[in-house]
Amino acid sequence: MNELFGSSRAARRITSTLAWLCYLFLLVPSLIVIPISFGNPGQIEFPPRQLTLDLYRQFFTDPAWWGSMVQSLLVAVATTLLTLLLAVPAAYALARSRLPGRRGLQGLFMMPMLVPVIVLGLGLYLQFSSWGLLDTTAGIILAHIMLTTPYIMVSVLSGLKHSDIALETVAAIMGASRVTIFFRVVLPQLKAAIAVGALFAFLMSLDEVVVAYFLTGTQTMTLPVKMFSSIRWELTPVLAAVSTLLTVLSLLIALGIIALQRKTEASS
Amino acid sequence: MTVTTAPAMVELQGVSKRYADVDALHPVDLTIAKGEFVTLLGPSGSGKSTLLNLIAGMVAPSSGRIVIDGRDATTLPTNQRGLGMVFQNYALMPHMTVFENIAFPLQVRKVPKAEIRRRVGAVLDLIQLGHVANRRPRELSGGQQQRISLARCIVYNPALILMDEPLGALDKKLREQMQLEIKRLHAELGITMLYVTHDQDEALTMSDRIVLMNGGRIEQQGTPDTLYFRPETVFSAEFIGSSNLLAGTLEAGPDGAPVLRTALGTFPVPAPDRPIERGAKAMLLVRPENMTLQRGGDTVHVTGRIEDSILLGGVVRHFVRCADGSTIIVQELNQPGRVDAERGHEVAAGWLPQHGRLLPAPPAG
Ligand SMILES: Nc1ncnc2c1ncn2[C@@H]1O[C@H](COP(=O)(O)OP(=O)(O)O)[C@@H](O)[C@H]1O
Ligand SMILES: [Mg+2]
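All values reported here derive from a predicted model rather than from experimental measurement.

Asks: I keep staring at the site of ligand 1 and nothing clicks. Help me out?
Replies: All names here are of chain B. The immediate surroundings of ligand 1 are formed by Tyr19, Val22, Ala24, Pro43, Ser44, Gly45, Ser46, Gly47, Lys48, Ser49 and Thr50. In this structure, an oxygen atom belonging to ligand 1 sits 2.9 Å away from a side-chain N or O atom of Lys48. One of the side-chain N or O atoms of Ser49 is found 2.7 Å from an oxygen atom in ligand 1. Of all the elements in the fold, those that place two or more residues in the shell around ligand 1 are β2 (22–33) and α1 (48–56). Counting residues per element, the shell around ligand 1 draws most heavily on α1, which supplies three residues. A breakdown of the residues in the shell around ligand 1 according to their chemical character gives four nonpolar, six polar and one charged.

Asks: Just checking my understanding: could you explain the pairing of strand β3 (residues 37–41) of chain B for this structure?
Replies: Strand residues, when the strand is regular, have side chains that alternate between the two faces of the sheet. All names here are of chain B. Across the five residues that make up β3, a large majority, five, are buried. Both faces of β3 are covered, namely the face carrying Phe37, Thr39 and Leu41 and the face carrying Val38 and Leu40. Here β3 pairs with strand β8 (residues 192–197) via five bridges, running parallel. By the bridge assignment for β8, Leu40 is matched with Val196. By the bridge criterion, four bridges tie β3 to strand β9 (residues 209–214) in an arrangement that is parallel. When the bridges of β9 are listed, Leu41 appears paired with Leu212.

Asks: What exactly am I supposed to notice about the sheet that holds strand β16 (residues 300–311) of chain B here?
Replies: Note: strands within a sheet are paired through backbone hydrogen bonds, in either parallel or antiparallel orientation. All names here are of chain B. Strand order in the open sheet formed by five strands is β15-β19-β16-β17-β18, and the pairing between neighbours is antiparallel. Both outer strands of the open sheet, β15 (292–294) and β18 (327–333), are each paired with one neighbouring strand and no more. Direction aside, the axes of adjacent strands within the sheet are offset by 50° on average. Where strand β17 (residues 315–322) meets β18, seven bridges bridge the pair, whose relative direction is antiparallel. Bridge assignment links Val315 to a residue of β18, and that residue is Leu333.

Reading the values: the criteria
Sequence order as written defines residue numbering, which begins from 1 separately in each chain. Each chain gets a letter, beginning with A, and each ligand a number, beginning with 1, in the order they are written. Thresholds applied to this predicted model are a pLDDT of at least 70 for local features of residues and 80 or more for the giving and counting of side-chain atom pairs; totals over whole chains, interfaces and linings are not thresholded and use all residues. Each side-chain value is worked out from all heavy atoms of the structure, with water and hydrogens disregarded. Nearness is judged by heavy atoms alone; a residue qualifies as near a molecule or strand once a single heavy atom is within 4 Å of it. Contacts described as polar in this section are N or O atom pairs within 3.5 Å, which, within protein, must combine one atom able to donate a hydrogen with one able to accept it, while residues neighboring in sequence count only if both atoms come from side chains. Counting from the N terminus, the helices are DSSP H or I runs at least four residues long and the strands are E runs at least two residues long. Each residue is assigned to one of three groups, with Ala, Val, Leu, Ile, Met, Phe, Trp, Tyr, Cys and Pro labelled nonpolar, Asp, Glu, Lys and Arg labelled charged, and all others, Gly among them, labelled polar. A simple rule labels every residue: compare its accessible area, found with a 1.4 Å probe on the protein chains alone, to the largest value its type can have, and call it buried under 20%, exposed over 50%, or partly exposed in between. Here the rule is simple: two strands pair whenever DSSP picks up at least two bridges between them. Every angle, taken between N-to-C directions, lies between 0 and 180 degrees, and every axis is a line fitted to C-alpha atoms, over only the stretch in contact when it is a helix.

See below:
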């Protein structure tokens with residue numbers, strides 16, 4: 001008994017060490033930009049010879065950079081909210097309905113996950129150009145909704161799998177309508193799953209570069225697109241500051257997701 | 001059989017349910033009177049929950065008509081049937097406090113706030129749990145949670161409360177307490193209740209009427225006394241109470257009265273409720289408490305050897321192994337200074353012929 005416990009603990013320690021090593025391996029390239037971002041604004045150097053905040057100052061005072069950041073946040077927030085409005089009720093309807101075409105419909109929602117992003121980008125570019133949606137904020141939000149919907153659906157569907165269907169039954173017997181049941185019984189149980197999905201969608205939209213590269217123009221450029229073109233044309237060290245900001249934001253969101261998942265595990 | 005003078009709360013007319021390849025419920029007719037406490041009793045898989053869910057509207061019937069409170073409810077959505085239901089796993093909303101849980105059905109009915117507070121307070125007093133109003137369900141014991149889920153039903157006066165093995169998750173002592181509490185609430189409030197259990201003692205304790213289910217059919221229904229003393233089939237006899245069954249062939253005795261010829265002898269039997277042909281296979285039921293151990297024995301009896309005697313508090317059970325290998329159970333009252341026959345001793349287990357009950361032999365297979 002004791003030995004078994006001990007050895008399983010050792011095994012767990014080894015796996016978690018391995019996992020951390022993998023994370024580090026993946027993280028190091030991103031982490032390298034952090035010291036660079038506090039370096040000399042004149043050129044990219046590692047390690048930096050002096051520590052300054054000049055690069056951040058440049059970022060926040062240059063409207064081209066600053067504006068694309070605001071644009072990215074706007075797109076990410078709008079994408080997240082609109083996707084939630086679409087995907088949460090859709091996931092609920094899919095999970096609870098007895099429609100014969102249910103599986104096919106679910107597959108349709110998941111499609112954007114399977115199509116290579118570059119193909120999706122090209123397709124949307126061709127479609128949107130005929131609809132006049134190129135270089136519009138609405139266009140890029142629409143595209144990002146397509147990309148993030150499957151992820152929120154998956155998160156909500158798995159949340160629904162863990163939620164107790166007897167609670168919905170008992171609410172119906174007590175006289176509650178479908179709508180009341182959705183808002184007062186189902187949603188409160190899905191809070192964590194929805195929050196995880198939302199953070200994930202927000203992060204995806206914020207990071208997304210391929211589709212945005214196709215669809216945005218000078219008027220609507222998001223931060224990743226701006227970074228991408230700046231790598232190609234100027235390679236300014238401001239990139240390091242932007243990357244650091246993005247990394248910190250992503251890390252915070254990832255930690256939020258982990259914390260939420262822990263909480264739901266503990267409560268169920 | 002049961003004469004119901006009160007108006008019907010529920011009427012099932014030829015209601016059945018078929019899943020892809022199983023008949024969960026064969027066509028069933030059942031009437032439940034207003035204010036009645038009816039129990040669906042039967043082994044697991046006999047269709048009890050299916051019957052309950054059909055009444056609740058959670059599954060649609062494959063055939064038949066369901067009338068609730070005088071209204072055809074066959075296709076009425078669940079939330080418009082005006083019922084209450086208590087589940088084995090309580091089904092309380094984990095994100096609501098006890099108060100909010102009980103208030104929920106009232107809010108659904110758009111009852112004014114002040115009245116909600118008053119009515120929730122009243123039912124919490126009724127179940128003596130006023131002090132936990134602000135706690136979450138998971139902070140309460142199983143028994144408390146089940147009382148809350150009962151209160152959540154009572155608070156909106158549904159026409160009928162359905163309960164699907166509500167006490168199945170509780171330990172024996174708590175279960176007995178809750179049985180009495182549910183009976184008390186039924187008597188005080190006069191609500192019609194349809195209760196599902198696979199526990200015969202629970203059914204005998206609580207019911208005005210027991211509906212015994214077997215393989216998706218109603219095997220027999222009647223008062224607890226009827227089911228206990230006048231079972232109509234071997235299944236009923238074996239499911240409720242314990243029973244001694246002697247299999248044999250029905251014949252005419254010397255005086256023309258019916259006798260049953262069995263491997264252990266030929267015994268006089270009372271006339272069955274439904275005529276059984278002479279020469280047909282039949283079974284004689286004698287309840288263990290209607291048998292006594294007789295040392296001499298000139299009444300009707302079988303002989304065998306004492307295999308074991310076990311003490312169950314107020315009563316003693318003797319297991320008598322007969323010549324054909326079957327075991328007869330004899331139950332006697334326990335008394336101070338009782339002397340049991342020794343193990344292996346030859347004894348006679350006797351009974352009064354009028355305490356026997358003749359049943360048709362069960363269908364083969
Ligand atoms: N949703 C279902 N699909 C298929 N078969 C079912 C379903 N629900 C119940 N059954 C079957 O119907 C029969 C009766 O089940 P049920 O009413 O739950 O019995 P009980 O409540 O008496 O244990 C069982 O054989 C069960 O397997
Ligand atoms: Mg059941």
